[in-house]
Amino acid sequence: KKVVWEYKTAPTNEIHTCQPLADGSVLVGECGTCRMIEVDRQGKVRKEIKLQTTTKNVHMQIRLCRKTPAGTYLVCLTGENAVREYGPEGNVIRTINNPGCPYVAVRLPSGNTLIACGDVHKLIEVDAQDRVVWQLNENDLPSNPLRFVAGVQRLPNGNTVVCNWG
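Residues numbered from 1 in each chain as written. Predicted model: local features only at pLDDT ≥ 70, side-chain atom pairs only at ≥ 80, totals over all residues. Heavy atoms only, no water.

1. Here's the deal with the layout of surface pockets
Where we set the bar: The method works on a 1 Å grid over the protein atoms by themselves. A cavity is a set of points holding a 1.4 Å probe that cannot get out, a pocket is an open set with protein on both sides within 12 Å along at least five of seven lines, and residues with an atom within 4 Å of a point line them. Grid points are joined across faces, edges and corners, and a volume is the space filled by probe spheres set on the points. Strands are runs of DSSP state E lasting at least two residues, helices are runs of H or I lasting at least four, and both sets are numbered from the N terminus onward. Each residue gets one label: Ala, Val, Leu, Ile, Met, Phe, Trp, Tyr, Cys and Pro are nonpolar, Asp, Glu, Lys and Arg are charged, and the others, such as Gly, are polar.
Counted as a void, the largest pocket has a volume near 170 Å³. Along the walls of the largest pocket sit 13 residues, with Gln-19, Arg-66, Lys-67, Val-106 and Arg-107 positioned nearest its centre. Counting residues per element, the ones that place at least two in the lining of the largest pocket are strand 5 (65-67), strand 9 (102-107) and strand 13 (148-154). With four residues, the top contributor of residues to the lining of the largest pocket is strand 9. Looking at the lining of the largest pocket residue by residue, the classes come out as seven nonpolar, three polar and three charged.

2. Here we look at the side chain of Arg-35
Stated precisely, the cut-off is as follows: Nitrogen and oxygen atoms within 3.5 Å of one another constitute a polar contact, given that in protein one can donate a hydrogen and the other can accept it, and given that sequence-neighbouring residues count only through two side-chain atoms. Here, two residues are considered to be in contact whenever any of their heavy atoms come within 4.5 Å of each other.
Among the structural elements, Arg-35 can be located in strand 3 (residues 35-39). Within the structure, the side chain of Arg-35 is placed 2.6 Å from the side chain of Glu-30, a separation counted as a polar contact. Of note is the side chain of Arg-35, whose polar atom sits 3.5 Å from the side chain of Thr-33. Setting aside residues up to four positions removed in sequence, Arg-35 forms contacts with Tyr-7, Val-28, Gly-29, Glu-30, Glu-48, Ile-49, Lys-50, Leu-51 and Ile-62.

3. Some thoughts on the pairing of strand 8 (residues 92-97)
Here is the rule we go by: Pairing between strands requires that DSSP locate at least two bridges from one strand to the other.
As defined by bridge partners, strand 7 (residues 82-86) adjoins strand 8 across five bridges and the pair is classed as antiparallel. In the sheet register, Val-83 faces strand 8, and the bridge partner there is Ile-96. Remark: five residues form the turn of the hairpin made by strand 7 and strand 8, two consecutive strands paired antiparallel; Gly-90 in that turn has positive phi of roughly 100°.

Below, the structure written as structure tokens:
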């Protein structure tokens, strides 16, 4: 019943993502300022990476951002239908174009990237050459049609958990 950590942004901005990091800080993706920041538990910004997007609509700039085990960052650019991977210093190292607006992207131990494409009702897994190597489409699960895929996690046993919003 006690707030143990909090980060607030300006009222004109939006925060759709945060990720606790191994060093105790938290990765925050901030729309409006269009940046990722790593904030320590005392509220001090330890690192800032400005994100590149042509999307002016604050709500459509970014969704989930995730730091990978390699220290890079996967950023879902919803307004551009792309996942962009940034290096530790903020340089763009890869852009994965998507069939719809990506909501979350997760780097798998194999090196592939699992991407929830919310508005086109599908989940895709792409390899290092951006080829789709697996996908789950809207009507692939009997009696459980995908609507807006808003979250995904690959379990150690190979199963995939899907957050099917709506």
